Amino acid sequence: MSFSPVAIFGLSATLSQFANLGIQSNGHDNTIKLSDSGALDGALANHLGDIKSFFSDSTGGLAVKLDKFLTNTVGDSGTLTAHQTSLTKQSDSIDIQIANQEKIITADSAFWTKNFRRWNWPQSKMNQQLAALTQQISNGTL
């Protein structure tokens, strides 16, 4: 956005974007640098009014474009704010789902523990009876 031309009535076409001022971006991480100080010096010396308009024109200057972009992105009803609200709602929903699953797991665990104990008692009794019978057979008393 910073490197697209600004459309301002009366602005010289030779000063409609950062590149005309000798300012370049590497195109990867939005880092900018002064690549041609001669172009900037010439523009400042010969077109100071145009440079002022380039940055501060109330209808199409770079500052207005950036302000509009930032407002639409991070403002109260901007896309980033809306996305953050959506993610917060999703996170809250996931927290509720986790809590519900934990309740189900706790209830299931209690159910199976209770049933295991209930089923374990007859098995224990049968093992005791089997041991007693085995003992009686070994002793020849049965």
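Placed above this text is the structure.
Residues numbered from 1 in each chain as written. Predicted model: local features only at pLDDT ≥ 70, side-chain atom pairs only at ≥ 80, totals over all residues. Heavy atoms only, no water.

Draft legend 1. Representation of the overall build of the protein in the model. In terms of regular secondary structure, the protein is built from four helices and two strands. Starting at the N terminus and ending at the C terminus, the protein contains elements arranged as β-β-α-α-α-α. By the compact-globule yardstick of 14 Å for 142 residues, the protein is too spread out, its C-alpha radius of gyration being 39 Å. Counting only C-alpha atoms, the protein reaches 125 × 30 × 15 Å along its principal axes. When contacts within the protein are restricted to residue pairs at least 6 apart in sequence, those whose partners lie at least 24 apart make up 39%. Of the roughly 10,800 Å² of accessible surface on the protein, 59% is carried by carbon and sulfur atoms. Here the protein contributes 10 positively and 11 negatively charged side chains, and the mean placements of these two sets differ by 22 Å. (Helix = DSSP H or I, 4+ residues; strand = E, 2+ residues; numbered from the N terminus. Rg over C-alpha atoms; globule rule 2.2 N^0.38 Å. Contact = heavy atoms within 4.5 Å. Areas by Shrake-Rupley, 256 points an atom, 1.4 Å probe, with all protein chains shown as cover. Lys, Arg positive; Asp, Glu negative; His and termini not counted. Charge placed at Lys NZ, Arg CZ, Asp CG, Glu CD.)

Draft legend 2. Spatial organisation of the packing of aromatic side chains. The full count for this structure, using the stated rule, is three aromatic pairs. An angle of 80° between the planes, with centres 4.9 Å apart, marks the rings of F111 and W112 as edge-to-face. Relative to W119, the ring of W112 has its centre 6.4 Å away and its plane inclined at 55°; by these criteria the two rings are tilted. No difference in accessibility class separates W112 from W119, as the two residues are exposed. An aromatic cluster is present here, built from F111, W112 and W119 joined pairwise through their rings. (Phe/Tyr/Trp six-rings, centres within 6.5 Å; stacked < 30°, edge-to-face > 60°. Buried < 20%, exposed > 50% of the residue type's maximum accessible area, 1.4 Å probe, protein only.)

Draft legend 3. Highlighting a nonpolar patch on the surface. A surface patch of nonpolar side chains, amounting to about 380 Å² of accessible area, comprises F69, L70, V74 and L80. Tallying contributions element by element places helix α3 (residues 62-74) first for the nonpolar patch, with three residues. Topologically, L70 is positioned in helix α3. (Patch = residues over 30% accessible without salt bridge, like charges linked within 9 Å, V, L, I, M, F, W, Y side chains within 5 Å. Salt bridge = Lys/Arg side-chain N within 4 Å of Asp/Glu carboxyl O.)

Draft legend 4. Inspection of the side chain of T73 at higher detail. Here T73 is to be found in helix α3. Excluding anything up to four places from it in sequence, T73 contacts G78, T79, L80 and T81.

Draft legend 5. Region of interest: the environment of I32. Relative to the elements of secondary structure, I32 occurs in strand β2 (residues 32-34). Overall, I32 belongs to the partly exposed group, its relative accessible area being 45%. A sequence separation of 14 residues divides I32 from F18, and the C-alpha atoms of the two residues are 9.6 Å apart.

Draft legend 6. How the structure looks around helix α2 (residues 48-56). Restricting attention to buried positions, one finds in α2 the residues D50, I51 and F54. End-on, the buried residues of α2 take up no more than an arc of 100°, which puts them together on one face. Away from the buried face of α2 by more than 90 degrees, exposed residues L48 and K52 are located. In this fold, the buried residues of α2 make contact with α1 (37-46) and α3. (Arc of directions from axis to C-beta.)

Draft legend 7. A look at helix α4 (residues 79-139). A rise of 1.5 Å per residue sets the reference length of α4, with its 61 residues, at 90 Å; its end C-alpha atoms lie 87 Å apart and thus fit the reference within 8%. Following α4 by one or two positions, G140 has its phi on the positive side, about 80°. (Expected span 1.5 Å × (residues − 1).)

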